[in-house]
Amino acid sequence: MKTLADLCKPRVSVFDKARLDTVYNLDDLPTIDPDEFLSENFVTEGMRVLLTEAFNRLEGKTTSASGTFLLSQSMGGGKTHNLITLGLLARFPKYRKRVMADFFKPGELGAVTVVSFSGRKTSTPFGIWGEVAEQLNRKAVFNEFYSPLKPPDPNRWVELLRGEPVLILLDELPPYFEAARAVAVGDTYLDRLTEIALANLLVAVNSNKLPRACVVITDLSGTAYAGGSASITQALQSLSDLEQEVNRNVIRIDPVKINTNEIYHILRTRIFERTPSASDIAAVADEYGAAVDNAKKMGLSEVSPDQLKTDIRNAYPFHPAIRDLYARFKENRGFQQTRALIRIMRLIVSRLWNSGA
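## Remarks on the overall build of the protein chain
For the protein chain, the count of helices and strands is 18 helices and nine strands. Of all 357 residues assigned to the protein chain, the portion counted as buried reaches 50%. In the structure as shown, the protein chain presents an accessible area of about 17,100 Å², 49% of it carried by carbon and sulfur atoms.

## Re the packing of helix α4 (residues 45-58) against helix α5 (residues 79-91)
The contact between α4 and α5 brings their axes to 11 Å, and the two run at 35 degrees. The interaxial crossing formed by α4 with α5 has right-handed handedness. Judged by residue contacts, G46, M47, L50, L51, A54 and F55 of α4 engage H81, N82, T85, L86, L89 and A90 from α5. Across the contact of α4 with α5, the residue classes tally to eight nonpolar, four polar and no charged.

## Some details on the nonpolar core
One broad rule of soluble globular proteins: the nonpolar side chains tend to lie buried together. One finds W129, F142, W157, L160, L161 and I168 to be the most contacted residues of the largest nonpolar core, which totals 38 residues. Those elements that place two or more of their residues in this core are β3 (113-118), α7 (127-135), α8 (154-161), β4 (166-171), α9 (173-180), α10 (190-205) and β7 (213-218). Setting aside chain neighbours within four positions, we find L161 in contact with L136, R138, V166, I168, L201, V205 and L210. Within the second largest apolar cluster, 33 residues are counted, among which are I32, A54, L169 and I253.

## Observations regarding the sheet that holds β4
Strands sit in the order β3-β4-β7-β2-β8 across an open sheet of five strands; the sheet is parallel. Two strands close off the open sheet at either side, each with one partner strand: β3 and β8 (251-253). Ignoring strand direction, the axes of neighbouring strands in this sheet form an average angle of 15 degrees. Across six bridges, β3 lies against β4 in parallel orientation. If you follow V114 over to β4, its bridge partner there is L167. The strands touched by α4 within the sheet are β2 (68-71), β4, β7 and β8, with β7 carrying the most contacts at an inclination of about 155 degrees.

## Notes on the pattern of salt bridges
Here the structure, examined in full by the defined rule, presents 13 salt bridges. For R98, the salt bridge goes to D35, with nearest N and O atoms at 3.4 Å. Here R98, found in helix α6 (residues 96-100), pairs with D35, found in helix α3 (residues 34-39); they are 63 residues apart in sequence, far enough to count as distant. Taking relative accessible area as the criterion, R98 reaches 48% and is therefore assigned partly exposed.

## Topic: α9
Burial analysis of α9 places six of its eight residues in the buried class, which makes it a mostly covered element. Taken as a whole, α9 has its buried residues at L173, P174, P175, Y176, F177 and A180.

## Re unusual backbone geometry
Cis geometry is found at the peptide bond from S147 to P148, where omega equals 0 degrees. By the element assignment, P148 lies in the loop between α7 and α8. Residue P317 is bonded to the preceding Y316 through a cis peptide linkage, with omega at 5 degrees. For P317, the location among the structural elements is in the loop between α16 (305-315) and α17 (322-329). Despite not being glycine, N137 shows a phi value in the positive range, around 60 degrees. Counting through the fold element by element, N137 comes out in the loop between α7 and α8. Assessed through its relative accessible area of 71%, N137 is described here as exposed. The phi dihedral of E172 is positive, around 50 degrees, even though this residue is not glycine. Inspection of the secondary structure assignment puts E172 in the loop between β4 and α9.

## Considering the side chain of E131
With respect to the helices and strands, E131 occurs in helix α7. Beyond its immediate chain neighbours, meaning those up to four positions away, E131 contacts F117, K121, S123 and T124.

## Observations concerning the layout of surface pockets
Each pocket or cavity is described by its volume, and for the largest pocket that value is around 450 Å³. Taken together, 20 residues line the largest pocket, and the ones lying closest to its centre are L4, Y288, P317, F318 and H319. For the lining of the largest pocket, the secondary-structure elements that each account for two or more residues are α15 (278-297), α16 and α18 (337-355). Residue contributions to the lining of the largest pocket peak at five residues, all from α18.

## Remarks on the environment of A291
As for its placement among the helices and strands, A291 is situated in helix α15. Note: C-alpha distance between A291 and P305 (14 residues apart in sequence) is 8.3 Å.

## Quick notes on helix α14 (residues 262-271)
Burial within α14 is extensive, with eight of its ten residues counted as buried. When α14 is considered as a whole, its buried residues turn out to be E262, I263, Y264, I266, L267, R268, T269 and I271.

## A look at the packing of aromatic side chains
Aromatic ring pairs are reported here in terms of the distance separating the ring centres and the angle at which the planes meet. With the rule as written, the count across this model stands at nine aromatic pairs. Between F126 and Y146, the aromatic rings sit 5.0 Å apart at their centres with planes inclined by 65 degrees, giving edge-to-face as the arrangement. Of this pair, F126 sits in the loop between β3 and α7 while Y146 sits in the loop between α7 and α8, and the two are 20 residues apart along the sequence. Grouped by ring-pair contacts, the aromatic residues F117, Y176 and F177 constitute a single cluster. Looking at K139, its charged tip hangs above the ring of Y146, at a distance of 5.9 Å from the centre.

The rules behind the values
- Residue positions are counted from 1 within each chain, in the order its sequence is given.
- Restriction of local features to residues with pLDDT of at least 70 applies here, the model being predicted, together with a cutoff of 80 or more for giving and counting side-chain atom pairs; totals for whole chains, interfaces and linings are based on all residues.
- Side-chain calculation: all heavy atoms of the structure are included, whereas hydrogens and water are not.
- Helix and strand assignments follow DSSP, with helices taken as H or I runs no shorter than four residues and strands as E runs no shorter than two, numbered in order from the N terminus.
- Residue exposure (1.4 Å probe, protein chains only): buried if accessible area is under 20% of the type maximum, exposed if over 50%, otherwise partly exposed.
- Where accessible areas are quoted, they stem from the Shrake-Rupley method and a 1.4 Å probe; at the residue level, only the protein chains shown are allowed to cover.
- Between N-to-C directions, angles span 0 to 180 degrees; the directions come from axes that are lines fitted to C-alpha atoms, helices contributing only their stretch in contact.
- By convention, the crossing between two helices is left-handed when the near helix turns anticlockwise from the far helix through less than a right angle, and right-handed when the turn is clockwise.
- Here, residues are in contact when the closest pair of their heavy atoms is within 4.5 Å.
- Each residue gets one label: Ala, Val, Leu, Ile, Met, Phe, Trp, Tyr, Cys and Pro are nonpolar, Asp, Glu, Lys and Arg are charged, and the others, such as Gly, are polar.
- What makes a nonpolar core is a set of buried Ala, Val, Leu, Ile, Met, Phe, Trp, Tyr and Cys residues whose side-chain atoms join them at distances within 4.5 Å.
- Being paired, for any two strands, means DSSP has found at least two bridges between them.
- Criterion for a salt bridge: a side-chain nitrogen of Lys or Arg within 4 Å of a carboxyl oxygen of Asp or Glu.
- Cavity means a closed set of points on a 1 Å grid over the protein atoms alone, one where a 1.4 Å probe fits but cannot get out, pocket means an open set with protein on both sides within 12 Å along at least 5 of 7 lines, and lining means a residue has an atom within 4 Å of a point.
- Grid points are joined across faces, edges and corners, and a volume is the space filled by probe spheres set on the points.
- Side-chain rings of Phe, Tyr and Trp (the six-membered ring for Trp) are treated as a pair once their centres are within 6.5 Å; stacked means planes under 30 degrees apart, edge-to-face means over 60, and tilted covers the remaining angles.
- Geometrically, a lysine NZ or arginine CZ counts as sitting over a ring once it is within 6 Å of the ring centre and also within 35 degrees of the ring normal.

Spelled out as structure tokens, the structure:
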């Protein structure tokens, strides 16, 4: 039976300690190398839905009224990764066929204007609406909404976004709302104004006046934050009205289905530069199956040899039980789901190869 070292080649980045804890923020989008990022990207079922629906919208191929997408999963579950992938493909047309060839035929749409905002950016003198307008180089359109701060109505959002296709990515809003709760604006607070402004944005995008505008939001339900602290829970409470607005017309997407074989595909793509052919994996699975079959005949095991062989074919080079173990971690407070598992496996693989074991 061939060894792991014979059949697999880890990426150079696996051995780079400086890369181990690299976590991209949406604010990094303008500086991310698309070649490097997309080479380690596996298209999950959720990402496939997001890319298909978003580009149908941006290219004007869909008759759906919905231009709003909600990525909902716990922290570290792949939401920001999905946003970055969509943002890169929107900005760089040449990568679209390479990434989407199996499920979507890109049209002649050129580079799309991408606006991105991370809720970690809590200092916004002109509100989120000012940030959006500034990235579009149309800040003056909202001049009347800056001093004093007040939320733009749907018609003014239409005025700002009308024209060429535009993609707006809003990531991790709860931290922003938490900070905004403490910012007084006249007889109200910034969180309330922001809630109204975003609700009006969604009304505008889901009207028939902006057929090629698309908004993607993450973490609106805030389940990952609700147990973190009372202040974050209160910040999420301020989103309730906005959530009701989104629920009227939204496409909900789970970035990663953690109880499926997607996790093995993600790990293989992120960690290994080369993995074996199906026939090589089958040979490994057959040998394990034969060993378990012998053990079963001696009354030492109740494991089904055929099931084990199937599981190894799906999981190789990782242990078939990792998926179930990983699923148990999802309720652990602070566990960052897919992101954490990738970090753990990068450590294991780098130490395994460095030790020669």
